[in-house]
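The primary structure of each chain is shown beneath.
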Amino acid sequence: MMTPMRYVVLVLAIIISLHFILSFSHEEYGRATSLSRLSEQFGGSSPQPPYKSGVPEEYYVPATPPVQGRRANATFVLLARNGDLNGVVMSMKQVEDRFNKEFQYPYVFLNEEPFSDEFKERVSALTDAKIEFGLIPKEDWVQPSWIDETRAAEERKKMVQNNVIYGGSVAYRNMCRFNSGFFYRQELLAKYKYYWRVEPDVTFFCDLHYDPFLLMEDQKKVYGFTVSLYEYPATIPTLWDTVKEFISANPDLVDPDSAMRFISDDGGETYNNCHFWSNFEIGDLDFWRGEAYSKFFDFLDERGGFYYERWGDAPVHSIGAALFAKKEQIHFFNDIGYRHNPFQHCPQGDLHKKGKCWCNPQENFDYEWYSCLKRYDALFA
């Protein structure tokens, strides 16, 4: 016969077994009888607010899988400092929401100083795409030793006195020279053919459900833009004279079907100051790496105008694209709504509706008096 103590042990064993079975088979029972819940009820600790438990997983819908199929050999490129982090996050989040959640193209971040752990963690949290962080070699970034600093400093002083924007900044000149002739030479970009340049604190207004890189590839485009405007003449007083010297020495490099009429109203005698605003670019890295543009940049660089004046990468890229590409190879991304203060391109009509754009169609720079888009249109008239 069983002793009373054995009955007690048997009953406890049955109760414990039932508890474990119910805990695994009934989620609500398991939560109600968990040690943490029991300790809250009987241990004297105060219960936590309901939101602390979070939203149960069953309420979440599966993430939309990336688009499968043909892809271009392409990447986003962001030149940024650690101090630009908040602006980078804002721009990158919009790129992901408007386009890259579907397409999952990688990112390359470039900086003349090492990126901080905080920078890497915050941008990595925004995407499932591959991200690489590159340190720009000093020789690609700083003012070259052969620049006459006494002369350069005097010219900067004059520009400050004349209220030329960024006229006194060496760092800005470093950035312009780097973007003009060195970004595409960086090791992390060597494996890519196409790039999309993104800057901090920009706005993308519209959803984009096609792949602009494939459009560039299939239609043999080399340069894409959204905003075009006039350059400040005070920043480039001798740039066009230098360009004419290069053309005179290398006439065979200018494409017979070039976009010269976009940048000059008199067949190349003078520069009308039009350029594509290069803070947004979708382009072919091999075009910049090619013989024509490489010789062109080296010629400009040797003249020192990036430091003795304040030559920007926008006119340098624009003149290079206009001279060495066919006009049909330069593409206006009319359906990509974009803003870089103070100018914006807002798609019109059906494109605004198709892209679910949230910009005001009436706030559109395309044909304002300071825009050069009409000159681009005239290339195809």
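Everything here concerns the structure above.
Residues numbered from 1 in each chain as written. Predicted model: local features only at pLDDT ≥ 70, side-chain atom pairs only at ≥ 80, totals over all residues. Heavy atoms only, no water.

> Please explain the sheet that holds strand E12 (residues 343-345) as it appears in this structure.
Where strands meet in a sheet, backbone hydrogen bonds hold them as pairs that are either parallel or antiparallel. Taking strand neighbours across the sheet as the criterion, the three strands line up as E5-E11-E12 in an open arrangement whose pairing is antiparallel. Only two strands of the sheet have a single partner each, and these edge strands are strand E5 (203-204) and E12. Two elements, strand E11 (residues 338-340) and E12, share three bridges in a ladder whose sense is antiparallel. Along E12, the bridge assignment pairs arginine 339 with glutamine 344. (Pairing = 2+ DSSP bridges. Helix = DSSP H or I, 4+ residues; strand = E, 2+ residues; numbered from the N terminus.)

> Hey, could you run me through the side chain of lysine 327 in this one?
Looking at the element boundaries, lysine 327 is found in the loop between helix H15 (313-324) and strand E10 (330-332). We classify lysine 327 as buried; its relative accessible area is 14%. Excluding residues that lie within four positions of it along the chain, lysine 327 makes contacts with Asp257, Ser258, Ala259, Leu379 and Phe380. (Buried < 20%, exposed > 50% of the residue type's maximum accessible area, 1.4 Å probe, protein only. Contact = heavy atoms within 4.5 Å.)

> Sorry if this is basic, but what is going on with empty space enclosed by the protein here?
Sizing a probe to match a water molecule and rolling it over the atoms shows the empty space that remains. Applying the stated criterion to the full structure yields two cavities of 30 Å³ or more. By volume, the largest cavity is sized at about 70 Å³. Every residue lining the largest cavity is listed: Gln94, Val95, Arg98, Phe99, Trp196, Phe204, Cys206, Asp207, Leu208, Asp335 and Ile336. With four residues, the single largest contributor to the lining of the largest cavity is helix H4 (residues 85-103). (1 Å grid on protein atoms, 1.4 Å probe; cavity = no way out; pocket = protein on both sides within 12 Å on 5 of 7 lines; lining within 4 Å. Points joined across faces, edges and corners; volume = space filled by probe spheres on them.)

> Looking at this structure, I do not really get the state of the cysteines. What am I missing?
As used here, a disulfide is simply a covalent bond connecting the sulfur atoms of two cysteines. Scanning the entire structure with this criterion turns up three disulfides. Covalent S-S linkage joins cysteine 206 and cysteine 357, the inter-sulfur distance amounting to 2.0 Å. In this structure, the disulfide formed by cysteine 206 and cysteine 357 twists by about 115° around the S-S bond and is classed as right-handed. Linking cysteine 206 in the loop between E5 and helix H9 (212-218) with cysteine 357 in the loop between helix H16 (349-354) and helix H17 (373-378), this pair joins segments that are 151 residues apart in sequence. In this structure cysteine 206 comes out as buried when scored by relative accessible area, which is 5%. The exposure class of cysteine 357 is buried, given its relative accessible area of 10%. The disulfide that involves cysteine 346 links it to cysteine 359, with 2.1 Å between the sulfurs. With the S-S bond torsion at 85°, the cross-link from cysteine 346 to cysteine 359 turns out right-handed. Of the two residues, cysteine 346 is situated in the loop between E12 and H16 and cysteine 359 in the loop between H16 and H17; the sequence distance between them amounts to 13 residues. Take cysteine 359: its relative accessible area is 5%, and that puts it in the buried class. (Disulfide = S-S within 2.5 Å.)

> Would you take a moment to explain the packing of helix H10 (residues 239-249) against helix H13 (residues 291-303) for this structure?
Packed helices, taken two at a time, are described by the angle between their axes plus the distance between the axes. Two elements in contact, H10 and H13, have axes whose closest approach is 10 Å; the angle formed by their N-to-C orientations is 130°. Judged by the angle between their axes, H10 and H13 are oblique. Here the hand of the crossing between H10 and H13 comes out right-handed. Between H10 and H13, the contacting residues are Leu239, Thr242, Val243, Glu245 and Phe246 on the first element and Ala292, Lys295, Phe296, Phe299, Leu300 and Arg303 on the second. Classifying every residue of the contact of H10 with H13 by side-chain character gives seven nonpolar, one polar and three charged. (Axes fitted to C-alpha atoms, helices over the stretch in contact; angles between N-to-C directions. Parallel < 35°, antiparallel > 145°, perpendicular 65-115°, else oblique. Left-handed = near helix turned anticlockwise from the far one by under 90°. Nonpolar A, V, L, I, M, F, W, Y, C, P; charged D, E, K, R; others polar.)

> Help me understand the layout of surface pockets, please; the structure alone is not making it clear to me.
A volume near 1,000 Å³ is recorded for the largest pocket. Around the largest pocket, the lining comprises 45 residues; the ones closest to its centre are Tyr166, Tyr172, Met175, Glu199 and His340. Contributing elements (two or more residues each) for the lining of the largest pocket: strand E1 (74-79), helix H8 (170-181), strand E4 (194-197), strand E7 (228-230) and H15. Here the element with the most residues in the lining of the largest pocket is H8; it accounts for six residues. The class makeup of the residues in the lining of the largest pocket is 26 nonpolar, nine polar and ten charged.

> Before we go on, may I ask you to explain the environment of proline 66 in this structure?
Secondary-structure assignment places proline 66 in the loop between helix H3 (35-42) and E1. It is 9.8 Å that separates the C-alpha atoms of proline 66 and aspartate 128, two residues lying 62 residues apart in sequence.

> Teacher, can you tell me more about the packing of H4 against helix H5 (residues 117-124) here?
Packing of H4 against H5 brings their axes to within 10 Å, and their N-to-C directions diverge by 15°. By the angle class used here, H4 and H5 are roughly parallel. Remark: the crossing between H4 and H5 carries right-handed chirality. Here H4 contributes Leu85, Asn86, Val88, Val89 and Met92 to the contact with H5, which in turn contributes Glu118, Phe119, Arg122 and Val123.

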